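# Chains, contacts and geometry: an overview
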Amino acid sequence: MPAHRRQPARWQRLAMTMAAVVTVATVVFFGITAATASTGGSLGGTRPTIVLVHGAFADSSGWNAEVKALRRLGYPVVAAPNPLRGLTSDSDYVWALLQSISGPIVLVGHSYGGAVITNAARDLPNVRALVYVGAFVPDQGESIATVPDPATYPSQLGTGTTSTRHVPNPAASGGIDLDITIKQENFRSVFAGDVPAATAELMAVTQRPLSLTAFTEASGAPAWRTLPTWDLITLDDHAINPAGQRMMAERAHARIRTVRSSHAVIVSHPDAVVQIVLDAAAHTV
């Protein structure tokens, strides 16, 4: 383990996050157990473990179709819950999960989950590939509030379509933060335009908020500088500008695919997501 990963500060931050999401941790390790059982052995095996990290305004259930498809093909899968409290603490949380998995890993991030995997995979030798799906791909010093540049690559997210409320957040300076949610009446147009209306309505009601700390916290050194990277760009995305997605993907020297999809691509186009994940998994063999 690299020296900076052994520093107590990282584990102290992680402990704070764990205390805030202890019930979520149970779900993570249940997921690992389920993945192990499905393959009849350890998570290492001969195939990489696919770790799926959701983004803001969503939860791990958004990956249901991908989980089913990948498990049918014999891949161990973990759909990691993303706390959405702060980029550093969220990345530490996922990093700890990755530490518990033996064998090669393909790490997949949707939306804000892309920023998380960018940091969580750093210096982990068994993470063999990164896959970004309608995602942020920040460089060091950037936050998802600043990249892609909203002036150059505008989106509908935040232009009167979101609401905020004060909440406690151990990851925030001073322990108090703002939670950001998409207004229910705007959710489908911003996030899930090609999802059936009834499904989008449920997604709007059950969305998990993103903290302002997670929105504004700067990324560290990006793992995509040293790892093979794939990127699925969502061409009908109103939350992350597609041209901005391409800029980030090209900067990361990603292998790029596109799909005519809203931001909710993991729900509306799971086949396209599975295909790019399989492309990345083939690279690990």
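The structure under discussion appears in the preceding block.
I will try to describe carefully the structure that is included in this document. Being a predicted model, the structure only gives us computed values, none of them experimental.

### Some details on the overall build of the protein chain
- When you go through the protein chain residue by residue, the secondary structure sums to 11 helices and nine strands.
- Each of the 285 residues in the protein chain was classed as buried or not, and the buried ones make up 53%.

### A closer look at the environment of T284
- Considering the arrangement of structural elements, one finds T284 in the segment after helix 11 (270-283).
- Put simply, T284 and T46 are 238 residues apart on the chain and 9.9 Å apart in space, counted from C-alpha to C-alpha.
- Residues within four places of T284 in sequence aside, it is in contact with P48, V106 and R128.
- A distance of 2.7 Å separates the side chain of T284 from the backbone oxygen of A281, its partner in a polar contact.

### With respect to the sheet that holds strand 7 (residues 210-211)
- With respect to topology, three strands assemble into an open sheet ordered 5-6-7, the strand pairing being antiparallel. The open sheet terminates on both sides in strands that have one partner only, identified here as strand 5 (162-168) and strand 7.
- Note: strand 6 (residues 176-182) against strand 7, two bridges, orientation antiparallel. Within strand 7, the position partnered with I180 by the bridge is L210.

### Section: the pattern of salt bridges
- For the coordinates displayed, the defined rule picks out six salt bridges.
- Between R85 and D179 there is a salt bridge; the shortest N-O distance is 2.9 Å. Of this pair, R85 sits in the loop between strand 2 (77-80) and helix 4 (87-99) while D179 sits in strand 6, placing them 94 residues apart in sequence. For the pair shown, R85 and D179 are each scored as buried.
- Here R225 and D139 are joined by a salt bridge, their closest N and O atoms 2.6 Å apart. Here D139 lies in the loop between strand 4 (127-133) and strand 5 and R225 lies in the loop between helix 8 (212-216) and strand 8 (229-234), a separation of 86 residues in the sequence.
- Judged by relative accessible area, R225 falls into the exposed class, the value being 53%.

### Focus: the nonpolar core
- In terms of nonpolar packing, the biggest core is built from 52 residues, with V51, L98, L107, Y112, V127, L130 and F191 touching the most fellow members.
- For this core, the element with the highest residue contribution is helix 4, accounting for six residues.
- The residues contacting Y112, other than those within four sequence positions of it, are G55, A56, N82, L84, G86, L87, D90, F136, I144, L210 and A214.

### A look at the sheet that holds strand 1 (residues 49-53)
- Taking strand neighbours across the sheet as the criterion, the six strands line up as 2-1-3-4-8-9 in an open arrangement whose pairing is parallel. Only two strands of the sheet have a single neighbouring strand rather than two, namely strand 2 and strand 9 (255-259). Between one strand and the next, the sheet's axes are offset by a mean angle of 15°, whatever the strand orientation.
- Of the strand pairs in this sheet, strand 1 and strand 2 are connected by four bridges, and their pairing is parallel. Bridged to I50 within strand 2 is V77.
- The strands that helix 11 touches are strand 1, strand 3 (105-110), strand 4, strand 8 and strand 9; relative to strand 8, the one it contacts most, it runs at about 170°.

### Digging into the pairing of strand 8
- Along strand 8, six of the six residues are buried, which leaves the element largely enclosed by surrounding structure.
- Where burial is concerned, the two faces of strand 8 agree: the one with T229, D231 and I233 and the one with W230, L232 and T234 are both buried.
- As defined by bridge partners, strand 4 adjoins strand 8 across four bridges and the pair is classed as parallel. Following the sheet pairing, V133 is matched in strand 8 by L232.

### Focus on the packing of helix 6 (residues 184-191) against helix 7 (residues 197-206)
- The contact between helix 6 and helix 7 brings their axes to 9 Å, and the two run at 120°. In the crossing of helix 6 with helix 7, the sense of the turn from one axis to the other is right-handed. Within the contact between the two elements, helix 6 uses Q184, F187, R188 and F191 and helix 7 uses A197, A200, M203, A204 and V205.
- Split into classes, the residues belonging to the contact of helix 6 with helix 7 amount to seven nonpolar, one polar and one charged.

Calculation notes
- Residues numbered from 1 in each chain as written.
- Predicted model: local features only at pLDDT ≥ 70, side-chain atom pairs only at ≥ 80, totals over all residues.
- Heavy atoms only, no water.
- Helix = DSSP H or I, 4+ residues; strand = E, 2+ residues; numbered from the N terminus.
- Buried < 20%, exposed > 50% of the residue type's maximum accessible area, 1.4 Å probe, protein only.
- Contact = heavy atoms within 4.5 Å.
- Polar contact = N/O pair within 3.5 Å; in protein donor to acceptor, adjacent residues only side chain to side chain.
- Pairing = 2+ DSSP bridges.
- Salt bridge = Lys/Arg side-chain N within 4 Å of Asp/Glu carboxyl O.
- Core = buried A, V, L, I, M, F, W, Y, C linked by side-chain atoms within 4.5 Å.
- Axes fitted to C-alpha atoms, helices over the stretch in contact; angles between N-to-C directions.
- Left-handed = near helix turned anticlockwise from the far one by under 90°.
- Nonpolar A, V, L, I, M, F, W, Y, C, P; charged D, E, K, R; others polar.

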